[in-house]
Amino acid sequence: MSKTSLSQPSSASLSQEGLHALIHRELETEQKTNPMSYMKFANAKGRPYQSYERIGFEGLRWSVEKRIREYGLERYFQPESVVLDIGSNYGFFVTEFALHVKAAHGVEPVPELCRIGEYTADYLGVRDKVRFFAQKFEDFQAPCLYDTVFTLASFFTSDKNQRSSAELFFGKIRDILKPGGQLFYESTSFQYRPEQEDYQHYVHALEAARVLEELFTVDDRYEAPSGPENHRLFMRCRKV
Ligand SMILES: C[S@@+](CC[C@H](N)C(=O)[O-])C[C@H]1O[C@@H](n2cnc3c(N)ncnc32)[C@H](O)[C@@H]1O
């Protein structure tokens, strides 16, 4: 983890069981230290957030592999690309991308979650291709320009830790993309009607879309169901 790198034992020779033990140790600490841990949210019912088939790890979201397939993210598997995942959570998109691209970075303010990403990268043999930055995206100083940036449910987060304006958030993404670089946006989960609990997430998804249409060339835009009552907005954008 670049910013708050802590000296931790290498997990290079770990079994999958050993990796899970390290992950659960970090998640236990995270639940104690992070009042807004996603594992404490009512809908989580104590389950971890991300899932990753490659390491046999189950969480509440579809697996990273299934999300990559459903969202068509294989198009970003380019051997010479450097990619950034904003709000990288357990780092499972970062490690999966590291298997297919030149380098993959994650920015994630919760240090325990960055450590999970580092352990997983060690386990998968891609540690030299990944970097985690334990800070908010707003404070992140990009060490390079990126070919691809992912913001998956990391704008207007439910943990309330991302609250800068859409202009600032997506403007900064534009600044750190190479010319022709690509952005994939997934909104947080929303509901359409003002009286519903997740309506504000709809308002902010629409605001994100407005700014993205202004700042980027939009190649695709669609909405899809998310659970029984909610939806998400997805946009595939290019810096011209
Ligand atoms: C809803 S989760 C989504 C995780 C992951 N992107 C995914 O879709 O599987 C939101 C993540 O963004 C992180 N986050 C919250 N505020 C952030 C900020 N200001 N900058 C970067 N990440 C942030 C949270 O800690 C959490 O891991």
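Residues numbered from 1 in each chain as written. Predicted model: local features only at pLDDT ≥ 70, side-chain atom pairs only at ≥ 80, totals over all residues. Heavy atoms only, no water.

The name that an unreviewed UniProt entry assigns to the chain is Class I SAM-dependent methyltransferase, with the source organism given as Micavibrio aeruginosavorus.

*Asks:* Sorry if this is basic, but what is going on with the packing of aromatic side chains here?
*Replies:* Note on aromatic pairs: each is described by the distance of the centres and the angle between the planes. One pass over the structure, following the stated rule, counts 24 aromatic pairs. Judged by centre distance (5.7 Å) and plane angle (80 degrees), the ring pair of Tyr90 and Phe92 falls under edge-to-face. Both residues of the pair, Tyr90 and Phe92, belong to the buried class. Ring-pair connections join several aromatic residues into one group, and the members of that group are Phe133, Phe137, Phe140, Phe155, Phe169, Phe170 and Tyr185. (Phe/Tyr/Trp six-rings, centres within 6.5 Å; stacked < 30°, edge-to-face > 60°. Buried < 20%, exposed > 50% of the residue type's maximum accessible area, 1.4 Å probe, protein only.)

*Asks:* I would appreciate a short explanation of the state of the cysteines in the present structure.
*Replies:* Working definition: the covalent bond between the sulfur atoms of two cysteines is a disulfide. In the structure shown here, the tally under the stated rule is zero disulfides. Distance from the sulfur of Cys114, which forms no disulfide, to the nearest cysteine sulfur (Cys144) is 16 Å. (Disulfide = S-S within 2.5 Å.)

*Asks:* In this structure, what is going on with the pattern of salt bridges? I would like to understand it.
*Replies:* In a structure, side chains of opposite charge can pair up when their charged atoms sit close to one another. Under the defined criterion, the tally for this structure stands at 15 salt bridges. Of the charged contacts, one joins Glu167 and Arg210 as a salt bridge, the two residues approaching to 2.8 Å between their closest N and O atoms. With Glu167 in helix 5 (residues 166–176) and Arg210 in helix 6 (residues 199–215), this residue pair connects regions lying 43 residues apart in the sequence. Through salt bridges with shared partners, a single ionic network connects Arg61, Arg67, Glu186 and Arg232. (Salt bridge = Lys/Arg side-chain N within 4 Å of Asp/Glu carboxyl O. Helix = DSSP H or I, 4+ residues; strand = E, 2+ residues; numbered from the N terminus.)

*Asks:* Honestly, unusual backbone geometry in this entry has me stumped. Any pointers?
*Replies:* Of note, Asn89 is a non-glycine position whose phi angle comes to about 55 degrees, a positive value. Turning to its location among the elements, Asn89 is positioned in the loop between strand 1 (82–86) and helix 3 (92–98).

*Asks:* I'm lost on the packing of helix 5 against helix 6 in this one. Help?
*Replies:* Two measures define how a pair of helices packs: the angle their axes make with one another and the distance between the axes. It is at 9 Å that the axes of helix 5 and helix 6 come closest, and there the two elements cross at 40 degrees. Classified by the angle between their axes, helix 5 and helix 6 sit oblique to one another. Regarding helix 5 and helix 6, the two cross each other, and that crossing is right-handed. Seen from helix 5, the contacting residues are Ala166, Glu167, Phe170, Gly171 and Arg174; seen from helix 6, they are Glu207, Ala208, Arg210, Val211, Leu212 and Leu215. Among the residues forming the contact of helix 5 with helix 6, the class breakdown is six nonpolar, one polar and four charged. (Axes fitted to C-alpha atoms, helices over the stretch in contact; angles between N-to-C directions. Parallel < 35°, antiparallel > 145°, perpendicular 65-115°, else oblique. Left-handed = near helix turned anticlockwise from the far one by under 90°. Contact = heavy atoms within 4.5 Å. Nonpolar A, V, L, I, M, F, W, Y, C, P; charged D, E, K, R; others polar.)

*Asks:* I keep staring at the sheet that holds strand 6 (residues 217–226) and nothing clicks. Help me out?
*Replies:* Paired through their backbone hydrogen bonds, the strands of a sheet run either parallel or antiparallel. Sheet architecture is open: seven strands sit in the order 3-2-1-4-5-7-6, paired in mixed fashion. If you trace the sheet from one side to the other, it starts and ends with strand 3 (130–133) and strand 6, each paired once. When strand polarity is set aside, the average angle formed by the axes of neighbouring strands in this sheet is 15 degrees. Here strand 1 pairs with strand 2 (residues 103–107) via five bridges, running parallel. Pairing of Val82 across the sheet is with Ala103, part of strand 2. Set on the sheet, helix 2 (residues 64–71) makes contact with strand 4 (146–152), strand 5 (177–186), strand 6 and strand 7 (230–238); between it and strand 5 the angle comes to about 110 degrees. (Pairing = 2+ DSSP bridges.)

*Asks:* Teacher, can you tell me more about the site of the ligand here?
*Replies:* Of all residues adjacent to the ligand, which total 18 residues, the nearest are Gln50, Arg67, Gly87, Glu108 and Leu152. The side chain of Arg67 places a nitrogen or oxygen atom 2.7 Å from an oxygen atom of the ligand. At 2.7 Å, a backbone N or O of Leu152 approaches a nitrogen atom of the ligand. Tallied by class, the residues present in the shell around the ligand amount to seven nonpolar, six polar and five charged. (Near = heavy atom within 4 Å. Polar contact = N/O pair within 3.5 Å; in protein donor to acceptor, adjacent residues only side chain to side chain.)

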